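A look at the structure
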Amino acid sequence: WPIVAAILGSLHDWNPLNGTYRWVGLANYRRLVADPVFWTSSANTVVFMVGAIVGRVVLGLTLAYAVYSRLTRAKTLFRTLFYLPTVTPLVAVAYVWRLMYNPQFGAVNSIFGLDVNWLFDSHLALPAVMVMTIWKDFGYAVILYLAGLYALPAEVLEAAEVDGAGAWARFRRVIWPMLRPMTLFVVVTSMIGYLQAFVQVFVLTAGGPGDSTSLISYLIYQQAFVRYDFGYASAAAFVLFVGTAVLTMVSFRVQRGPVRGEAS
């Protein structure tokens, strides 16, 4: 019912503050198409999602493989350390990172000897939010990839080693293809989460400077709970819902296609 109510609401001029609920048809969607802030937020969301997913997958797989292949006695310790940021509340993490990005006394500038105003530079604010998000979420990917690595059939790895495949060849031709289902799971769950990312933007930048870090979810929040334009916010939310569903289906199809080809 909430989904149906939101779809119906997107077809109305809906302001619960003054009791307005007037049919306008597709007017809210036409406003979306003509709204430059919506397109900026959409572009920011795509950039944020792609960058965060790539960072999460690369960092998660790299650390998982390092733990799997190198660290024999400290695996439990490192799994715990990597997973700690994941179970830490996102609001708390975002506030800590906002302090770390502070240009006067922040740890980031102090460590690297920089003088950068990370969250108030329109070119750096979104990458700064992405870095914080990757740090927060990579531990979950580490745990998933470790589970996939430990589930690999030992006889396949031994056969590759007997055939003379080096470490990089084994990883590229044997391990990585066998981890594709786990990678699909990480990518799809990350995609769904990052398309709806809100807290980190709300705490770190409030969508600024300008609209440089405004994501679609933050646009929806602004329209619904700041301007009380629930009809327009519902239209944006429905577009986000459709986009998420389409990208998820495409991801499954892209992942499934090569497997069928190889099997044949």
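In this report, we go over the structure that sits alongside the text. (Residues numbered from 1 in each chain as written. Predicted model: local features only at pLDDT ≥ 70, side-chain atom pairs only at ≥ 80, totals over all residues. Heavy atoms only, no water.)

**A word on the packing of aromatic side chains**
The test is simple: Centres within 6.5 Å make a pair out of two Phe, Tyr or Trp rings, where for Trp the six-membered ring is used; the pair is then stacked when the planes are under 30 degrees apart, edge-to-face when over 60, and tilted otherwise. The numbering of helices and of strands both runs from the N terminus, where a helix is a DSSP run of H or I of at least 4 residues and a strand a run of E of at least 2. The buried label applies to any residue whose accessible area, calculated with a 1.4 Å probe on protein chains only, is under 20% of its type's maximum; exposed applies above 50%, and partly exposed to all values in between.
Enumeration over the complete set of coordinates arrives at 22 aromatic pairs. Taken together, a centroid distance of 6.0 Å and an interplanar angle of 25 degrees make the contact between Phe 198 and Tyr 218 stacked. Placement of the pair is Phe 198 in the loop between helix 10 (180-195) and helix 11 (199-204) and Tyr 218 in helix 12 (residues 216-226), with a sequence separation of 20 residues. Overall, Phe 198 belongs to the partly exposed group, its relative accessible area being 24%. Accessibility expressed as a relative area gives 6% for Tyr 218, which makes it buried. Through a chain of ring-to-ring contacts, the aromatic side chains of Trp 14, Tyr 21, Phe 198, Phe 202, Tyr 218, Tyr 221, Phe 225 and Phe 230 assemble into a single cluster.

**Topic: helix 12**
Among the residues making up helix 12, those that are buried are Ile 216, Ser 217, Tyr 218, Leu 219, Ile 220, Gln 223 and Ala 224. Downstream of helix 12 by a residue or two, Tyr 228 has a phi angle that is positive, lying close to 60 degrees.

**Considerations on the packing of helix 7 (residues 125-150) against helix 10**
So the rule is basically this: In this description, a line fitted to the C-alpha atoms serves as the axis of each element, helices being fitted only across the stretch in contact, and the angle between N-to-C directions of two axes falls anywhere from 0 to 180 degrees. Each angle is binned into one of four classes, with values under 35 degrees roughly parallel, values over 145 roughly antiparallel, values of 65 to 115 roughly perpendicular, and all other values oblique. Crossing chirality is assigned from the near helix's rotation relative to the far helix, an anticlockwise turn below a right angle marking it left-handed and a clockwise turn marking it right-handed. Two residues qualify as a contact provided that any one of their heavy atoms is within 4.5 Å of a heavy atom in the partner residue. All residues other than Ala, Val, Leu, Ile, Met, Phe, Trp, Tyr, Cys, Pro, Asp, Glu, Lys and Arg, Gly among them, are scored as polar; the first ten of these are nonpolar and the last four charged.
Here helix 7 crosses helix 10 at 155 degrees, and the two axes come no closer than 10 Å. As summarised for this structure, helix 7 and helix 10 are arranged roughly antiparallel, according to the angle between their axes. Between helix 7 and helix 10 lies a crossing whose hand is right-handed. Of the residues in helix 10, those in contact with Thr 133, Asp 137, Tyr 140, Ala 141, Leu 144, Tyr 145 and Gly 148 of helix 7 are Met 182, Thr 183, Phe 185, Val 186 and Tyr 194. Split into classes, the residues belonging to the contact of helix 7 with helix 10 amount to eight nonpolar, three polar and one charged.

**A short note on unusual backbone geometry**
Of all residues except glycine, most have a negative phi; of all peptide bonds, most are trans. Looking along the chain, the bond that leaves Gly 208 and enters Pro 209 is cis, with omega of -5 degrees. Looking at the secondary structure, you find Pro 209 in the loop between helix 11 and helix 12. We note that Ala 206 has phi near 55 degrees; this positive angle belongs to a residue other than glycine. Position of Ala 206 among the secondary structure elements: in the loop between helix 11 and helix 12. For Ala 206, a relative accessible area of 44% translates into the label partly exposed. You will see that Tyr 228, though not glycine, has its phi angle at about 60 degrees, which is positive. As for its placement among the helices and strands, Tyr 228 is situated in the loop between helix 12 and helix 13 (230-263).

Read these as layout, nothing more, since geometry by itself doesn't imply function.
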